[in-house]
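One-letter residues, chain by chain:
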Amino acid sequence: MGFLSGTSLIPVPNKGFYGWRIVVFASIALALTGPGQTYGVSVFVDPMIEDLGISRTQMTTAYLIGTLVGALALPWIGQAIDRFGVRRTMAIIGALFGGLLIGMSLVSNIVGLTAGFIGIRMMGQGALNLTATTAVALWFTRRRGLAMGIVTAAGGVGMTLVPLLGERLIADFGWRSAWMIEGLVVWAIVLPIAILGIRNRPSDVGQHVDGDAATDAPPAEVWGVTRKEALRSSFFWLVTAAVATISTITTAVVFHQIDLLGSRGLTPTEAAANFLPQTVATLIATLGIGALADRVSPRIVLITSMGMMAGGLLLATAVRPGLLAIAFGMLIGAAGGAMRVVEATELPRYFGTLHIGAIRGVVTSVGIAGAAVGPVLFSLGHDLTGNYTAVLLASVVVPVIVAIGALIVRLPRHDTPDTHGEAHLVNEA
């Protein structure tokens with residue numbers, strides 16, 4: 001009954017707020033989405049193309065289809081989180097994700113490859129990511145930004161290590177064994193975290209959100225508006241547009257970075273090394289914006305993120321080896337880090353947590369779809385003009401429009417939640 005009901009299977013110490021342990025567990029789970037992320041998959045591309053006898057176009061098309069189709073399931077996965085709890089959902093996702101990674105070791109043709117990409121993109125980049133970050137949202141209110149910043153930063157560092165592990169495994173054992181080992185690692189770590197570590201809500205262990213002492217006030221974690229109501233809010237679509245903008249452009253830039261920076265005079269080694277300042281800036285922005293998000297209006301944070309993205313794109317049109325290249329990488333990385341925190345903190349802040357899985361599932365789905373089409377759009381722009389300048393300049397318009405939207409879109413307000421925690425949006429101010 002403990003696992004089915006979401007209550008503890010093992011005693012929970014009375015000392016200390018268990019939410020900080022959730023932060024640690026969620027960070028590890030987020031890091032283990034790496035095998036389903038573009039970074040993690042990238043090291044398998046060339047050896048699989050050679051061994052399977054397929055073209056690079058077939059490979060990228062399979063990846064595009066896998067990403068798009070995988071994104072479609074996320075709204076329903078979000079609903080599952082709300083209905084069955086983070087703990088049970090994460091355990092099921094971990095089991096499926098590990099199995100799908102092992103299944104990638106058995107791929108023999110383009111059909112199997114496409115099916116495999118659908119599975120690992122859905123379960124890894126999408127579902128496990130969504131579940132890990134939602135777990136944190138349910139344990140914090142006042143310090144949600146700080147907690148989410150820590151999770152995103154720590155998880156991001158872990159994700160950057162996955163390609164290094166994958167490349168080493170491929171070199172030592174081959175790509176089929178590498179997929180299998182990654183699947184076994186996911187099983188060995190995510191399943192124990194979900195079953196033994198994760199608790200759905202503070203009330204499951206007799207605690208309160210943010211570690212507050214018991215009061216007569218209704219618990220802050222039990223209210224929320226429905227997904228249907230959230231979708232009627234202009235603020236929801238502002239955040240969704242911002243997430244899609246960052247996801248689309250960042251993925252496109254990262255995917256083409258070696259060629260993009262190579263065309264500006266950087267060697268392949270220098271272009272690859274530019275991922276380092278991007279990572280550093282992502283960590284700094286994630287932690288800094290995470291702490292700031294608890295104290296300031298989301299308008300400021302959204303505009304900051306969009307401004308950094310627009311600046312990075314403009315700089316990319318004139319980048320040169322040296323400080324300009326470093327500045328470009330840092331702006332792109334910081335914009336992405338800031339936006340991840342905004343989405344994960346502001347949606348629970350304004351729409352509550354009762355239905356947050358379903359609400360965030362839609363946003364995550366749109367973001368992943370953007371990640372799928374971004375590289376294709378940049379490729380088309382390059383093919384039409386012979387360089388990346390035109391598509392970079394055209395892309396600047398998008399974050400500028402979103403930033404303007406952040407200035408004029410009204411912030412949601414809700415009425416008093418009823419005894420079941422249901423609330424309704426009454427106006428936007």
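Everything numeric in this text was worked out from a predicted model, so none of it was measured. (Residues numbered from 1 in each chain as written. Predicted model: local features only at pLDDT ≥ 70, side-chain atom pairs only at ≥ 80, totals over all residues. Heavy atoms only, no water.)

Asks: Outline helix 17 (residues 356-385), listing residues and values.
Replies: Under the 1.5 Å per step criterion, the end-to-end length of helix 17 is 43 Å for 30 residues, consistent within 8% with the ideal 44 Å. Just downstream of helix 17, Gly386 is the residue with a positive phi angle, here 85°. (Helix = DSSP H or I, 4+ residues; strand = E, 2+ residues; numbered from the N terminus. Expected span 1.5 Å × (residues − 1).)

Asks: Summarise unusual backbone geometry; cite the residues concerned and give the values.
Replies: Unusually for a residue other than glycine, Asp210 sits at a positive phi of about 65°. Tracing the chain through its elements places Asp210 in the loop between helix 9 (175-197) and helix 10 (227-230). For Asp210, a relative accessible area of 3% puts it in the buried group. (Buried < 20%, exposed > 50% of the residue type's maximum accessible area, 1.4 Å probe, protein only.)

Asks: Could you give an account of helix 15 (residues 298-316), naming the residues involved and the relevant values?
Replies: Helix length check: helix 15 (19 residues) gives 27 Å between terminal C-alpha atoms against 27 Å at 1.5 Å per residue, within 8%. Inspection of helix 15 places Pro298, Val301, Leu302, Ser305, Met306, Met308, Met309, Ala310, Gly312, Leu313, Leu315 and Ala316 among the buried residues, and these make up the whole buried set. Its buried side turned inward, helix 15 meets helix 11 (234-255), helix 14 (275-293), helix 16 (323-351) and helix 18 (389-408). (Contact = heavy atoms within 4.5 Å.)

Asks: Any chance you could break down the packing of helix 4 (residues 56-72) against helix 7 (residues 110-137) for me, citing the residues and the numbers?
Replies: As a packed pair, helix 4 and helix 7 sit with axes 7 Å apart at the nearest point and diverge in direction by 40°. The angle between the axes of helix 4 and helix 7 places the two elements in the oblique class. Pair helix 4 / helix 7 crosses with right-handed handedness. Only Ile110, Leu113, Thr114, Phe117, Ile118, Arg121, Met122 and Gln125 of helix 7 make contact with helix 4, whose side of the interface consists of Gln58, Met59, Ala62, Tyr63, Ile65, Gly66, Thr67, Val69 and Gly70. Taken together, the residues of the contact of helix 4 with helix 7 sort by class into 10 nonpolar, six polar and one charged. (Axes fitted to C-alpha atoms, helices over the stretch in contact; angles between N-to-C directions. Parallel < 35°, antiparallel > 145°, perpendicular 65-115°, else oblique. Left-handed = near helix turned anticlockwise from the far one by under 90°. Nonpolar A, V, L, I, M, F, W, Y, C, P; charged D, E, K, R; others polar.)

Asks: Residue-level account of the packing of aromatic side chains, with values.
Replies: Applying the stated criterion to the full structure yields nine aromatic pairs. Residues Phe17 and Phe140 carry aromatic rings whose centres are separated by 5.4 Å and whose planes lie at 80° to one another, so their mutual orientation is edge-to-face. Here Phe17 is found in the loop between helix 1 (2-5) and helix 2 (19-31), whereas its partner Phe140 is found in the loop between helix 7 and helix 8 (144-173), with 123 residues between them in sequence. On the basis of relative accessibility, which here comes to 13%, the residue Phe17 falls in the buried class. (Phe/Tyr/Trp six-rings, centres within 6.5 Å; stacked < 30°, edge-to-face > 60°.)

Asks: Tell me about a nonpolar patch on the surface, and name the residues and values.
Replies: Taken together, Ile65, Leu68, Val69, Leu72, Val373, Val376, Leu377 and Leu380 make up a surface patch of nonpolar side chains, about 620 Å² in accessible area. Of all the secondary-structure elements, those providing two or more residues to the nonpolar patch are helix 4 and helix 17. (Patch = residues over 30% accessible without salt bridge, like charges linked within 9 Å, V, L, I, M, F, W, Y side chains within 5 Å. Areas by Shrake-Rupley, 256 points an atom, 1.4 Å probe, with all protein chains shown as cover. Salt bridge = Lys/Arg side-chain N within 4 Å of Asp/Glu carboxyl O.)

Asks: Can you explain the confidence of the model for the protein chain? Please cite residues and give values.
Replies: In regions of low pLDDT, the predicted coordinates are not meant to be interpreted in detail. Put simply, the protein chain has an average pLDDT of 86, and 93% of its residues get 70 or more. Mean pLDDT across the elements of the protein chain bottoms out in helix 1 (47) and peaks in helix 6 (residues 86-104) (97). Note on residues 1-6: pLDDT under 50 across the span, and 15 contacts to partners over four residues away in sequence or across chains. Across residues 216-221, where pLDDT falls below 50, the model places seven contacts with residues more than four positions away in sequence or in other chains. (pLDDT = per-residue confidence, 0-100.)

Asks: I'd like to hear about the environment of Met180, residue by residue, with values.
Replies: With respect to the element layout, Met180 can be found in helix 9. Judged by its relative accessible area of 36%, Met180 falls in the partly exposed class. With 74 residues separating them in the primary sequence, Met180 and Leu106 have C-alpha atoms 9.1 Å apart.

Asks: Lay out the packing of helix 2 against helix 7 with the relevant residues and their values.
Replies: Viewed as axis vectors pointing N to C, helix 2 and helix 7 meet at an angle of 165°, and their least axial separation amounts to 9 Å. By the angle between their axes, helix 2 is roughly antiparallel relative to helix 7. The way helix 2 lies across helix 7 gives a crossing that is left-handed. Along the contact surface, helix 2 presents Ile22, Val23, Ala26, Ala29 and Leu30, while helix 7 presents Leu128, Asn129, Ala132, Ala135 and Val136. Residue composition of the contact of helix 2 with helix 7, by class: nine nonpolar, one polar and no charged.

Asks: Please provide a residue-by-residue account of the side chain of Ser305, values included.
Replies: Topologically, Ser305 is positioned in helix 15. For Ser305, a relative accessible area of 0% translates into the label buried. For Ser305, the contacting residues outside a window of four places in its chain are Ile246, Ala335, Ala338 and Met339.

Asks: If you had to explain the environment of Arg413 to someone new, which residues and values would you point to?
Replies: Along the chain, Arg413 falls in strand 1 (residues 412-414). Exposure remark for Arg413: the relative accessible area of 48% places this residue in the partly exposed category. It is 26 Å that separates the C-alpha atoms of Arg413 and Thr131, two residues lying 282 residues apart in sequence.

Asks: So what about the environment of Val107? Which residues, and what values?
Replies: Within the secondary structure layout, Val107 lies in the loop between helix 6 and helix 7. Residues within four places of Val107 in sequence aside, it is in contact with Leu52, Gly112, Leu113, Trp175 and Arg176.

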